[in-house]
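Structural description and commentary
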Amino acid sequence: MVSLILIAAICLCGYIEKKEEEIPLYTDPGYPNTYFAHPVLGWHLNKTSHVYEAQGQSAAFLYYTSDPLLSTREGDLKLRIHTTEKDPNDLETLRGLGTDILTVSVDGTTIACYIPIGSLQELGTLDFVKDVSSEKKE
């Protein structure tokens, strides 16, 4: 009977320990110059991209949502992208990054969308992207 209780306790402790490992953690990496690798993204998005590269998606999402006013959906970030000109091919390029396009302005140069954290770095390198900003919660 005592051995069964010991086995149950050991299993329970192992299960609890395993659950604790699954909690995402974010460790501030300091202030490296790589935060500004993509000037069109701005400071907060550059840092989110850097945390994604250094610590993974969970840590990057945790860092991004440390500002409770920013809008997210199921791990994607709600952003506003300003482009240099109206071009339907640009929308297809964005969709190729996993972007869920919500609205496009009449002139076609402002796009509201949800985009995966893992696509931030590539978004920052696109020639037609002029500026990217985070969207606040409504």
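See the structure above.
Every value quoted in this text rests on a predicted model; they were computed, and no experiment measured them.

Criteria and cut-off values
- Residues numbered from 1 in each chain as written.
- Predicted model: local features only at pLDDT ≥ 70, side-chain atom pairs only at ≥ 80, totals over all residues.
- Heavy atoms only, no water.
- Helix = DSSP H or I, 4+ residues; strand = E, 2+ residues; numbered from the N terminus.
- Expected span 1.5 Å × (residues − 1).
- Buried < 20%, exposed > 50% of the residue type's maximum accessible area, 1.4 Å probe, protein only.
- Contact = heavy atoms within 4.5 Å.
- Arc of directions from axis to C-beta.
- Core = buried A, V, L, I, M, F, W, Y, C linked by side-chain atoms within 4.5 Å.
- Phe/Tyr/Trp six-rings, centres within 6.5 Å; stacked < 30°, edge-to-face > 60°.
- Lys NZ or Arg CZ within 6 Å of the ring centre and 35° of its normal.
- Polar contact = N/O pair within 3.5 Å; in protein donor to acceptor, adjacent residues only side chain to side chain.
- Salt bridge = Lys/Arg side-chain N within 4 Å of Asp/Glu carboxyl O.

Spanning 14 residues, helix H2 (residues 42-55) covers 20 Å between terminal C-alpha atoms, matching the ideal 20 Å at 1.5 Å per step. All buried positions along H2 are accounted for by Leu45, Asn46, Lys47, Thr48, Ser49, His50 and Val51. Those residues of H2 that are buried are in contact with helix H3 (57-64), strand S2 (76-83), helix H5 (120-123) and strand S5 (129-134). Immediately beyond the C-terminal end of H2, within one or two residues, lies Gly56, with a positive phi of roughly 100 degrees.

This part covers H3. Buried within H3 we find Ala59, Ala60, Tyr63 and Tyr64. In an axial view of H3, the angular spread of the buried residues amounts to 135 degrees, which keeps them on one side of the axis. Considering only its buried residues, H3 is in contact with H2, strand S1 (72-73), S2 and S5.

Right, let's get into the nonpolar core. Among soluble globular proteins, nonpolar side chains are generally buried collectively. With 25 residues, the main nonpolar core has Leu45, Leu79, Ile81, Leu94, Leu123, Val129 and Val132 as its most contacted residues. Not counting residues up to four positions away in its chain, the partners in contact with Val129 are Val40, Ile81, His82 and Leu123.

Considering all chains together, one arrives at 0 aromatic pairs under this definition. Taking the ring centre of Tyr114 as reference, the NZ or CZ of Arg73 above it sits at 4.1 Å.

Turning next to the environment of Thr109. Inspection of the secondary structure assignment puts Thr109 in the loop between strand S3 (100-104) and strand S4 (110-116). Once the C-alpha coordinates of Thr109 and His82 are considered, the two residues, 27 residues apart in sequence, prove to be 5.5 Å apart. Each residue touching Thr109, except ones within four places of it in the same chain, is listed here: Ile81, His82, Thr83, Thr84, Glu85 and Lys86. In this structure the side chain of Thr109 is engaged in a polar contact, spanning 2.9 Å, whose partner is the side chain of Asp107.

Attention now goes to the pattern of salt bridges. This structure, assessed with the given rule, holds 4 salt bridges. Between Arg73 and Asp100 there is a salt bridge, with its nearest N and O atoms 2.6 Å apart. Here the residue Arg73 occupies a position in strand S1, and Asp100 occupies one in strand S3, the gap between them amounting to 27 residues. Residue classification places Arg73 among the partly exposed residues on the basis of a relative accessible area of 31%. Judged by relative accessible area, which is 32%, Asp100 ranks as partly exposed.

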